[in-house]
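Coordinates in review
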Protein chains: 2
Amino acid sequence: MTQDQSPRGARRASTRLVTTKAELKENRAAMTGTVAAVLTMGALHAGHLALVERARELADHVILTDFVNPLQFGPGEDYEAYPRPLDADLALVDGLVDVVFAPSVEEMYPVLPPTVSVTAGRAGTILEGAARPGHFDGVVTVVAKLLQLTAPDLTVFGRKDAQQLAIIQRLVADLDLPVRIEPVDIQREPSGLARSSRNVYLDDAAREQALVLSRTISAALRAAPSVGAIRDVLAAALERAEIDWDYALALDPASLEEIGPEHRGEVLVVLAGTVGGTRLLDAAVAVATAP
Amino acid sequence: MTQDQSPRGARRASTRLVTTKAELKENRAAMTGTVAAVLTMGALHAGHLALVERARELADHVILTDFVNPLQFGPGEDYEAYPRPLDADLALVDGLVDVVFAPSVEEMYPVLPPTVSVTAGRAGTILEGAARPGHFDGVVTVVAKLLQLTAPDLTVFGRKDAQQLAIIQRLVADLDLPVRIEPVDIQREPSGLARSSRNVYLDDAAREQALVLSRTISAALRAAPSVGAIRDVLAAALERAEIDWDYALALDPASLEEIGPEHRGEVLVVLAGTVGGTRLLDAAVAVATAP
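Residues numbered from 1 in each chain as written. Chains lettered and ligands numbered in written order. Predicted model: local features only at pLDDT ≥ 70, side-chain atom pairs only at ≥ 80, totals over all residues. Heavy atoms only, no water.

Let's talk about the overall build of chain A
Along chain A, the regular secondary structure elements total 10 helices and 10 strands. In terms of overall size, chain A behaves like a compact globule, its C-alpha atoms giving a radius of gyration of 20 Å where 291 residues would be expected to give roughly 19 Å. C-alpha extents for chain A along the principal axes are approximately 55 × 45 × 40 Å. Sorting the 291 residues of chain A into buried and exposed places 53% on the buried side. In chain A, of all internal contacts separated by at least 6 residues, the share reaching a separation of at least 24 is 71%. For chain A, the exposed surface amounts to about 12900 Å²; the carbon and sulfur share of it is 53%. When the 27 positive and 39 negative side-chain charges of chain A are each reduced to one mean point, those points stand 4 Å apart. (Helix = DSSP H or I, 4+ residues; strand = E, 2+ residues; numbered from the N terminus. Rg over C-alpha atoms; globule rule 2.2 N^0.38 Å. Buried < 20%, exposed > 50% of the residue type's maximum accessible area, 1.4 Å probe, protein only. Contact = heavy atoms within 4.5 Å. Areas by Shrake-Rupley, 256 points an atom, 1.4 Å probe, with all protein chains shown as cover. Lys, Arg positive; Asp, Glu negative; His and termini not counted. Charge placed at Lys NZ, Arg CZ, Asp CG, Glu CD.)

What to know about the environment of B:P133
Residues and elements named next belong to chain B. Tracing the backbone through its elements, the reader meets P133 in the loop between β5 (117–119) and α6 (135–150). Judged by its relative accessible area of 71%, P133 is exposed. Linking P133 and P110, residues 23 residues apart in sequence, is a C-alpha distance of 23 Å.

Re the sheet that holds strand β2 (residues 35–40) of chain B
Strand-to-strand pairing in sheets goes through backbone hydrogen bonds, with the strands running parallel or antiparallel. All names here are of chain B. One open sheet accounts for 6 strands, arranged β1-β4-β3-β2-β6-β7; its pairing is parallel. Lying at the two open borders of the sheet, with one neighbouring strand each, are β1 (16–18) and β7 (180–184). Across the sheet, the mean angle separating the axes of adjacent strands is 25 degrees when strand polarity is ignored. Along the sheet, helix α4 (residues 86–93) makes contact with β1, β3 (61–66) and β4 (99–101), crossing β3 at roughly 165 degrees. Running at roughly 170 degrees to β7, helix α7 (residues 162–174) makes contact with β6 (154–158) and β7 of the sheet. (Pairing = 2+ DSSP bridges. Axes fitted to C-alpha atoms, helices over the stretch in contact; angles between N-to-C directions.)

Notes on the packing of aromatic side chains
Residues and elements named next belong to chain A. For the structure shown, the criterion picks out 6 aromatic pairs over all chains. Centroid distance F67 to Y109: 6.2 Å. Interplanar angle 45 degrees. Geometry classified as tilted. Note that F67 is positioned in the loop between β3 (61–66) and α4 (86–93) and Y109 in the loop between α5 (105–108) and β5 (117–119), a separation of 42 residues in sequence. For F67, a relative accessible area of 5% gives the class buried. Accessibility expressed as a relative area gives 3% for Y109, which makes it buried. Joined through ring pairs, the aromatic side chains of F73, Y79 and Y82 make up one cluster. Residue placement shows R84 over the ring face of Y79; its charged tip is 4.9 Å from the ring centre. (Phe/Tyr/Trp six-rings, centres within 6.5 Å; stacked < 30°, edge-to-face > 60°. Lys NZ or Arg CZ within 6 Å of the ring centre and 35° of its normal.)

Observations regarding the interface of chain A and chain B
Across the contact, 25 residues belong to chain A and 25 residues belong to chain B. Summing both partners gives a buried area of about 2200 Å² for chain A against chain B, and 56% of it is carried by carbon and sulfur. When the shortest N-O distance is used, the salt bridge between B:D176 and A:K21 registers 2.8 Å. One can count 13 residue pairs in polar contact (both at pLDDT 80 or more) joining chain A with chain B. Elements that contribute at least two residues to the side of chain A that touches chain B include exactly β5, α6 (135–150) and α7 (162–174) of chain A. As defined by bridge partners, β5(A) adjoins β5(B) across 3 bridges and the pair is classed as antiparallel. Of the residues in β5(B), the one forming a bridge with A:S117 is B:T119. (Buried area = accessible area lost by both parts, 1.4 Å probe. Salt bridge = Lys/Arg side-chain N within 4 Å of Asp/Glu carboxyl O. Polar contact = N/O pair within 3.5 Å; in protein donor to acceptor, adjacent residues only side chain to side chain.)

Brief notes about the UniProt feature "binding site: (R)-pantoate" (unreviewed entry) in chain A
All names here are of chain A. Summarizing the sequence annotation, UniProt attributes the feature "binding site: (R)-pantoate" (unreviewed entry) to Q72 and Q164 in the numbering used throughout. Spanning 93 residues, the annotated positions come together in the fold, the maximum distance between their C-alpha atoms being 12.0 Å. On the accessibility criterion, Q72 (12% relative accessible area) is buried. Ignoring any residue separated from it by four or fewer positions in sequence, one finds Q72 in contact with M41, E77, R132, H135, G138, V139 and V142. Residue classification places Q164 among the partly exposed positions, given a relative accessible area of 21%. Sequence-distant contacts of Q164, defined by excluding residues within four places in its chain, comprise F136, V139 and F157. (UniProt positions renumbered as here; feature names shortened; annotations may be inferred.)

Examining the nonpolar core
In terms of nonpolar packing, the biggest core is built from 100 residues, with A:V143, A:L171, B:V143 and B:L171 touching the most fellow members. Apart from the residues within four sequence positions on either side, B:V143 is in contact with B:L39, B:F157, B:I168 and B:L171. Core analysis: the second largest hydrophobic core is formed by 29 residues, A:A210, A:I217, A:L280 and A:A284 among them. (Core = buried A, V, L, I, M, F, W, Y, C linked by side-chain atoms within 4.5 Å.)

Topic: the relation of the copies chain A and chain B
For the pair chain A and chain B, the relating rotation is 180 degrees, the translation along its axis is 0.0 Å, and the fit reaches an RMSD of 0.0 Å. Between the two chains, the operation in question is that of a two-fold axis. Nearest to the rotation axis, the C-alpha of A:V118 is located 2.2 Å from it, this being the minimum over chain A. Both copies share a contact surface, since 100% of the interface residues of chain A are interface residues in chain B too. (Least-squares fit on C-alpha atoms with pLDDT ≥ 70 in both.)

Quick word on the sheet that holds strand β9 (residues 265–275) of chain B
All names here are of chain B. Spatially, 3 strands are ordered β8-β9-β10 in an open sheet, and the strand pairing comes out antiparallel. Strand pairing shows two members of the sheet lacking a second neighbour, β8 (244–251) and β10 (278–288), which therefore form its edges. Averaged over all pairs of adjacent strands, the angle between their axes in this sheet comes to 10 degrees, without regard to strand direction. Here 7 bridges tie β8 to β9, and the two strands are oriented antiparallel to one another.

Observations regarding the pairing of β10(B)
Residues and elements named next belong to chain B. Within β10, 8 of the 11 residues are buried, which leaves the element mostly enclosed by the surrounding structure. Relative to β10, β9 is paired through 11 bridges, and the arrangement is antiparallel. Residue pairing in the sheet places L271 in a bridge with D282 of β10. The loop that links β9 with its antiparallel partner β10 comprises 2 residues; one of these, G276, has a positive phi angle of about 55 degrees.

Pasting the structure below:
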């Protein structure tokens, strides 16, 4: 459905840039019907557009937030160097969203760090959080703020950042935020490789080697519904060590704790490894019904 | 204005008890006009009724929450023994509020402790928080949840628990919660003693001795707008040691840090001390404009 054919698209023909909370609230209050929020740190690419597309399918209005959140960067990380191509971002989503909210740091955090904040607890200290203390606390704090400010009916998050998605689902459940989370499936290249802005760093050999990740995901899904068989697939992949694995785990999607052989219900399979110097993730949800 | 004469009172003639989040949301959605929330742990007394009265003045509808929050009790504290006289609470506010929300612990916290929670940071570790680690984290977590569930235009908090009020003001500002905090002035006995459910423990001698608190507050207010004079009043009170002081401090109301002589603007004066075995609080806000 293109913008010209769609009444929704037509309503969004003039995307508005707002930079203050007050303007955002004014624009939000004027929206009738359902509203979806797409929360980003800008530097938009095709992955973000898939989120925007899903948001457009699900709601009458779309608010995209474009904010590089200092709270989620550690001391040694690239907060200062993180790209902020606002004009290019606006061009990419022009006509596709109603509002782009791109506040300054001072607008978002008049006091930095804030006195009161949100913490992801232990779930934020494992997996991707293990080497990034405070990262997920920063994520849940800014997501909580942005969800209050945009007051959406629903918000979309990609399944590739599986830990982030799980933690944000806990945020919404644990703080009773009145919003629905819509997970968006991983976008894959024809080879099966999960799409990522980091894939540009892969040469042909690394790109071939990286397929270990998506093949391991496929094998784990074929092994379902047997928890034992899923765990065997992951153990065998780690054993073969075709790439430099960080982890290949079968988790309880709610607690992010490793599951035992007695687990039934959804199983979150998460993979992380380094290929040719580039760190890659992949993930999938399987359902376990048999031993 | 009594209930019979007031259209607001009339609308509240049948106070409804709800115990699930789903019922609460249904009742909330049916309210037109403005809504005030009064958050309590039950065991209601005259102090709570002053909050209800203020809420009734300010909004078309009032939701009172009645929930003993396990997260804000420490291991050695009286969570199990805390009174839960729900029938008496309902009788006290019958006809005064639209809805009483009294959920079970399982309804409020399907997972306890929650994975994701709110933290008051350093502001929760000083003053009343110094001897109660985690107390204010539990308070801000349940207040955040209850404000999401009740979705009020405003909520009322008493000024006597000055640190709690300041922390909740930070919660609302730092997480961009779309709600107005209305502080309610300290209720005082004719002697000046701040009303408290603990005052029943004071015998005549202790009641006389306890007036040191309100007299120190009055002296601090008379010393304004000079920051130096306010600090002198507090230092002199501590020096005289007529009661067993915990603290008598002049604070920045936003940060809860002690102010220096160069401070201008609002000054939060907070007092805590023990009289005849009973711990008492008092507080006031002064404005500093002169050295």
